[in-house]
Amino acid sequence: MSRYDLLAPLLACPACGGPLDVVGAGAACRGCGLQFPVIGGLAWLFVEPQAALADWRGRLRLLEQHLEREAALHRAGLSLAGLHPLTRLRLEAQAGALEAHSRLVQALLEPLGLTGREERHEVHLALGTRLPLSQGLTNYYANLHRDWAWGDQENAASLAEVLAVLAPGGAPSRLLVLGAGGGRLAYDLHQSLPLEVTLALDFNPLLATVGQRVSAGEKLDLFEFPIAPRSLAEHGLRRTLAAPAPSRPGLEFVLGDALAAPFADGTFDAVLTPWFVDIVPDDLPALMARINRLIAPGGRWVFFGSLAWADRPPERCYSLEELLALAPAAGFEAGPPRETPLPYMRSPASRHARIEAVVSFAARKVAEVERPAPPVRPDWLERTDLPVPALPAFREQSLSTRVYAFIMAMIDGKRSIRDMARLMEEQRLMTSADAEPAIQGFLARMHEDAQRRANF
Ligand SMILES: C[S@@+](CC[C@H](N)C(=O)[O-])C[C@H]1O[C@@H](n2cnc3c(N)ncnc32)[C@H](O)[C@@H]1O
C-alpha cells in the first residue's frame, strides 16, 4: 500500500471540504477542482496553495539574504584593527558557519524552486514584512535541534506527559498533531502507541521537511546557533539531526493551516495541540470549535504546553481555569489537568534555558458544536481582476508612505536635519520647528533599526 493510499481517505479540501485524490505529483479536489502541489514529498494543502508557496519562497529568500548579510557582517568585523586573536577566531568561525548553514537550508528547501531567482531583498521586506517577522522559516528552528539532536531528556519528558493524559481513555488509532513543528512528539507517540496513522501538520516547510525526512531515517546536517553560547566554539555548531530509528509506517507530515485543516469532519479519534493553542491568532472558543469538528464523537483533544498568550487583547489571554470552563461550550469534557515542571530548550551549547510548568489534559468530545465561519475575504482580494477600493485606511497609509519616502529621499549625504526640516516646511507638511525634532527622532529610530539584526 502506498503512503497516499493511507493518506487520501483522511484528507478533505481545505477550501470546500470535498474529497481529495492524491497522486505522487499532486492532489486535486473532486469537489471544486482546486489543485495542491506535492513538493519534496510534502502535500501543500492550503486554501490557496500557490499563494502559500509564493509566500514561503519569499521567506526563504529573506532568510538566505539575512544569512548572507550576517556572514558579511562577521567578515567585515575581521577587518577592524586591534582584534584579539580569539575574537578573530570567533568571527571567522561564525561567518563560515552562517555561510555553510545557508547552503544546507537552501539544499534542503531546493524543491520549493527558489534556486536562480533574483529577487530584491527590499521588495520582500516591503511586501512581506509582517509575515516573515512573525512567522519566518526559522521561528521554532531551535526546536529541530531539540527534537533530533540533543533533546532526549526533554523529548522523553514530553512524551511521558502526553501518554499520562491519554492512558485513562486507551490508545487512539488515528492521531492528528496540529502545529507539529519538527515532529518529534508525533514520531515518539507513533512509535510508542499502536497508532494506525499519525498525521503531523504544520505550515512551516522547513520544520515539516526536516521532520518528514529525519523520521523516515535520513540524517541531516544543520547548524545550531545557541542564544547564549557556552564557549567560543559553540557560536555556530554543525549538528547531525537523526531519529533513533526510522518510524513505523503510518506517520505522515503534511503542510497546511491548522485553522483551515485539510481533513474531513470526525476523522481523528485524538487531536494533539502541543505548544500551539496560545500562539495562533484564533480566539480560544473558535479554535476549540475547529478542533472539535476534526474529532470523531467520543474522541479526545489533548492539550499540551504553555498558556503564554501573545499579540491579543487582554480578554483573550485566558487562565487555565477559564480554558477549562470554556471547554464544555466547545463540546468538550476536560479531564483533570497535569502541571509538571519540565526543562524547555535546554541546549547543552547554551547558557539559556527555561523551566515551564507545562499543562496537559485530555478533553473528551461529548457534543458537536457549530463550526466557526471561515474568515471572509472581500471580493477584490479574492479576485485579482477587480479594482482595489480606495479605503480610508489605504489612503492614510499611502500618505504616510509618501511622507516616509519623502524623508528618505531627502537624505543625499549633504543635507542636515535642519535643511530637511526647512524642506518639510516648504512642502507644507510641518513647521520647521516641529519638523526638526520629529526628523531627529525618526532618523534615530531608522539608525537603531539598521543596527538591529533581524532574524528570519
Ligand atoms: C510553539 S511551536 C511548537 C512546535 C511543536 N509542537 C513543539 O512542541 O516543538 C508552534 C508550531 O505551530 C506552527 N503553527 C503556527 N501557526 C500555525 C497554523 N496556523 N497552522 C499550522 N501550523 C502552525 C508553527 O510553525 C510551529 O511549528
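Data block above holds the structure.
Just so you know, the residues in each chain are numbered from 1, in the order the chain's sequence is written. In keeping with the predicted nature of the model, local features appear solely for residues at pLDDT of at least 70, side-chain atom pairs appear and are counted solely at 80 or more, and the whole-chain, interface and lining totals rest on all residues. To obtain the side-chain values, all non-hydrogen atoms of the structure were used and water was disregarded.

Draft legend 1. Fine view of the nonpolar core. Here, the term nonpolar core denotes a set of buried Ala, Val, Leu, Ile, Met, Phe, Trp, Tyr and Cys residues that are joined through side-chain atoms within 4.5 Å. Exposure is judged per residue with a 1.4 Å probe applied to protein chains only, and the accessible area is read against the type maximum: over 50% gives exposed, under 20% gives buried, and values in between give partly exposed. Grouped together as the largest cluster of nonpolar side chains are 53 residues, with contacts concentrated most on Trp44, Leu189, Val210 and Leu272. A run of H or I in DSSP becomes a helix once it reaches four residues, and a run of E becomes a strand once it reaches two; helices and strands are each numbered from the N terminus. Here this core gets 7 residues from one element, more than from any other, and that element is helix H2 (residues 49-77). Residue assignment places this core across two domains, with domain 2 (49-134) and domain 3 (141-365) each supplying three or more. Apart from the residues within four sequence positions on either side, Leu272 is in contact with Val162, Leu175, Leu176, Val177, Leu178, Leu185, Leu189, Val302 and Phe304. An automatic or database domain assignment provides the domain bounds reported here. Only heavy atoms matter for contacts: two residues are in contact if any of them lie within 4.5 Å across the pair.

Draft legend 2. Representation of the packing of aromatic side chains within the structure. Two rings belonging to Phe, Tyr or Trp (six-membered ring only in the last case) form a pair when the distance between their centres is within 6.5 Å. Interplanar angles under 30 degrees mark stacking, angles over 60 mark edge-to-face geometry, and anything in between is tilted. Counted according to the given criterion, the structure contains 14 aromatic pairs. Aromatic pair Phe223 and Phe225: ring centres 6.3 Å apart, planes at 20 degrees, arrangement stacked. What makes Phe225 partly exposed here is its relative accessible area of 27%. Pairing Trp380 with Phe394 gives two aromatic rings, centres 5.9 Å apart and planes at 85 degrees, and the pair type is edge-to-face. Within this pair, whereas Trp380 is found in helix H12 (residues 379-382), its partner Phe394 is found in helix H13 (residues 392-410), the two being separated by 14 residues in sequence. Assessed through its relative accessible area of 38%, Phe394 is described here as partly exposed. When the NZ atom of lysine or the CZ atom of arginine is within 6 Å of a ring's centre and also within 35 degrees of its normal, the charge is said to sit over that ring. Between Arg59 and the ring centre of Trp56, over which it is positioned, the NZ or CZ distance is 3.9 Å.

Draft legend 3. Spotlight on the site of the ligand. Every one of the 19 residues lining the ligand counts as a neighbour, but Arg146, Gly179, Asp202, Asp257 and Ala258 are closest to it. Take Pro274: an N or O atom from its main chain is 2.9 Å from a nitrogen atom of the ligand. Per-residue and other accessible areas follow the Shrake-Rupley method at a 1.4 Å probe size, with only the shown protein chains counted as cover for residues. For the ligand, whose unbound accessible area comes to 590 Å², protein coverage reaches 95%. Elements with a contribution of two residues or more to the shell around the ligand: helix H6 (141-150) and strand S6 (197-202). Summary of the distance rule: residues count as near a molecule or strand when at least one heavy atom falls within 4 Å of that molecule or strand. Under this definition, polar contacts are N or O atom pairs within 3.5 Å; protein pairs additionally need one hydrogen-donor-capable and one acceptor-capable atom, and for neighbouring residues in sequence, both atoms have to be side-chain atoms.

Draft legend 4. Layout of the environment of Glu234. Residue position: Glu234 is located in the loop between strand S7 (220-224) and strand S8 (237-241). Remark: the alpha-carbon pair of Glu234 and Glu426, spanning 192 residues in sequence, is separated by 55 Å. Beyond its immediate stretch of four places on either side in the chain, Glu234 contacts Pro226, Pro229, Pro348 and Ala349. A distance of 2.7 Å separates a polar atom in the side chain of Glu234 from a polar atom in the side chain of Ser231.

Any functional reading would require information beyond the geometric quantities listed.
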